[in-house]
Amino acid sequence: MSNEIAQLLELQSIDQRLTEASERIKRLQRDRARFEEKVVAANQAFAQKKEDLKQLEHDSLMKNLKVDELDANIRVYQHRLDTAIISFKEMEDLRAKIISEKKRIGEMEDDALQTMDTIGQEKEALVAAEEALGERQAELQTSITETDDHLRQVDESIAELHTQRTTLTESMTDFLIKQYKSLRKKFSDPIAVISHTTCSGCKLKLSGSTIERARGSLGLVACEHCSRILYIE
Ligand SMILES: [Zn+2]
């Protein structure tokens, strides 16, 4: 194998690794964004639970106030019944009102008890949810830290590859680099090995003279079909 081919293969390998590394960076950044989204979602879900409980407590308070109000009404009706001189009709009305308000209080008290029960359960659930949230956050934070470590490693390997590339291209002729660059625009593997008389790039059969020239050491030989630079192992 000529020195030129060896250099080209090395350059191709560096560029392929650079492409893989930049794809890896994109994947890691996507992963990282997903972890961040999960952190936000977990926080929001917990905040919603807290808000629901607050609403429940507010509803419960409102129901208790309503019971107090009905109770006060009953006392007013009763006081009027006991002290005022009123018609039989009004007396009947007040009694009916008292019965109806008492019935409503009974219903509302049952409801209030149930709500208190629910509040108790929700409070317990909230404590458990807060604990779970803490664990989830820690897990996600670990994933984010690990992803950042990977990103740093890949960044370092990219920097290292660039250094290698610079050193390599400095030792190559401008002509060779130009040839490589124009082929690299079309192919991720511009340098192809001849395998069983075919170009390993385009998989087409090569002519005898092309193979013969590739075997020799007089300059670069291009595939007659795809123009990749050919070599023999
Ligand atoms: Zn070819």
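Basis of the calculations
Residues numbered from 1 in each chain as written. Predicted model: local features only at pLDDT ≥ 70, side-chain atom pairs only at ≥ 80, totals over all residues. Heavy atoms only, no water. Phe/Tyr/Trp six-rings, centres within 6.5 Å; stacked < 30°, edge-to-face > 60°. Lys NZ or Arg CZ within 6 Å of the ring centre and 35° of its normal. Pairing = 2+ DSSP bridges. Helix = DSSP H or I, 4+ residues; strand = E, 2+ residues; numbered from the N terminus. Donors = N, O, S within 2.8 Å, 3.2 Å for Na, K, Ca; no water. Tetrahedral: all angles 85-135°; square planar, octahedral: opposite > 155°, others 65-115°. Buried < 20%, exposed > 50% of the residue type's maximum accessible area, 1.4 Å probe, protein only. Arc of directions from axis to C-beta. Contact = heavy atoms within 4.5 Å. Domains from an automatic or database assignment. Core = buried A, V, L, I, M, F, W, Y, C linked by side-chain atoms within 4.5 Å. Axes fitted to C-alpha atoms, helices over the stretch in contact; angles between N-to-C directions. Parallel < 35°, antiparallel > 145°, perpendicular 65-115°, else oblique. Left-handed = near helix turned anticlockwise from the far one by under 90°. Polar contact = N/O pair within 3.5 Å; in protein donor to acceptor, adjacent residues only side chain to side chain.

Student: Would you mind showing me how to read the packing of aromatic side chains here?
Tutor: In this description, a pair of aromatic rings is defined by centroid distance and the angle of the planes. The final tally for this structure, using the stated rule, is zero aromatic pairs. For the cation-ring pair, Arg228 lies above Phe187, with the distance from its terminal atom to the ring centre recorded as 3.8 Å.

Student: Before we go on, may I ask you to explain the sheet that holds strand β3 (residues 221-222) in this structure?
Tutor: Where strands meet in a sheet, backbone hydrogen bonds hold them as pairs that are either parallel or antiparallel. Taken together, four strands build an open sheet; the order of strands is β2-β1-β4-β3 and the sheet is mixed. Single-partner strands in this sheet number two, and they are β2 (198-199) and β3. With three bridges joining them, strand β1 (residues 191-195) and strand β4 (residues 229-231) adopt parallel strand pairing. Counterpart to Val193 in the pairing with β4 is Tyr231.

Student: Help me out: how do you make sense of the coordination of the zinc ion in this one?
Tutor: Geometry sets the ideal angles at a metal, namely 109.5 degrees for four tetrahedral donors and 90 or 180 degrees for six octahedral donors. At the metal site, the zinc ion is ligated by Cys199 (SG), Cys202 (SG), Cys223 (SG) and Cys226 (SG), and these contacts range over 2.2 to 2.4 Å. Bound by four donor atoms, the zinc ion shows angles of 102 to 117 degrees at the metal and therefore tetrahedral coordination geometry. Sequence spacing among the residues donating to the zinc ion works out to C-x2-C-x20-C-x2-C. With a gap of 24 residues between them, Cys202 in the loop between β2 and α4 (208-215) and Cys226 in the loop between β3 and β4 connect regions that are remote in the sequence.

Student: Help me understand α4 in this model?
Tutor: For an α-helix the count is 3.6 residues per turn, leaving residues at separations of three or four pointing the same way. Within the span of α4, buried status applies to Thr210, Ile211 and Ala214. Summarising the axial view, the buried residues of α4 lie within an arc of 95 degrees, below the 170-degree limit, and thus occupy one face. Looking at α4, the residues exposed on the side facing more than 90 degrees away from the buried face are Gly208 and Arg215. Where α4 is buried, its residues meet β1, β3 and β4.

Student: I tried to follow the domain arrangement of the protein chain on my own but got confused; where do I start?
Tutor: Accessible area lost on assembly of the parts is the figure often given for the size of an interface. Split into domains, the protein chain comes out as domain 1 (26-171) and domain 2 (179-231). Placing a centre on the C-alpha atoms of domain 1 and another on those of domain 2 gives a separation of 67 Å.

Student: Can you walk me through the nonpolar core in this structure?
Tutor: One finds Leu8, Met172, Cys199, Leu206 and Leu230 to be the most contacted residues of the largest nonpolar core, which totals 33 residues. Only α1 (3-83), α2 (88-170), α3 (174-184), β1, α4 and β4 provide two or more residues apiece to this core. With eight residues, α1 is the single largest residue contributor to this core. Taken domain by domain, the makeup of this core includes at least three residues from each of domain 1 (26-171) and domain 2 (179-231). The residues contacting Leu206, other than those within four sequence positions of it, are Ile194, Thr197, Thr198, Cys199, Ile211, Cys223, Glu224, His225 and Leu230. Core analysis: the second largest hydrophobic core is formed by 10 residues, Val67, Leu70, Tyr77 and Met108 among them.

Student: Got a minute to help me understand the packing of α1 against α2 in this structure?
Tutor: Axes are the key here: two packed helices are described by the angle between their axes and the distance separating the axes. Between α1 and α2, the shortest axis-to-axis distance is 6 Å and the interhelical angle comes to 165 degrees. When the axis of α1 is compared with that of α2, the two are roughly antiparallel. The handedness of the crossing between α1 and α2 comes out as left-handed.

Student: Looking at this structure, I do not really get the pairing of β1. What am I missing?
Tutor: Two faces belong to every sheet, and in a regular strand the side chains alternate between them. Buried residues dominate β1, accounting for four of its five residues. Across two bridges, the pairing between β1 and β2 is antiparallel. Looking at β2, one finds that Ser195 is bridged to Thr198. In this antiparallel pair of consecutive strands, β1 and β2, the connection spans two residues, and His196 shows a positive phi of 50 degrees.

Student: Which parts of the structure should I look at to understand the side chain of Thr147?
Tutor: Note on placement: Thr147 falls in helix α2. Residue Thr147 is classed as buried on the basis of its relative accessible area, which comes to 5%. Looking at Thr147, its side chain comes within polar contact range of the main-chain oxygen of Ser143, at 2.6 Å. Setting aside its immediate chain neighbours within four residues, Thr147 contacts Leu28, Arg32 and Phe35.

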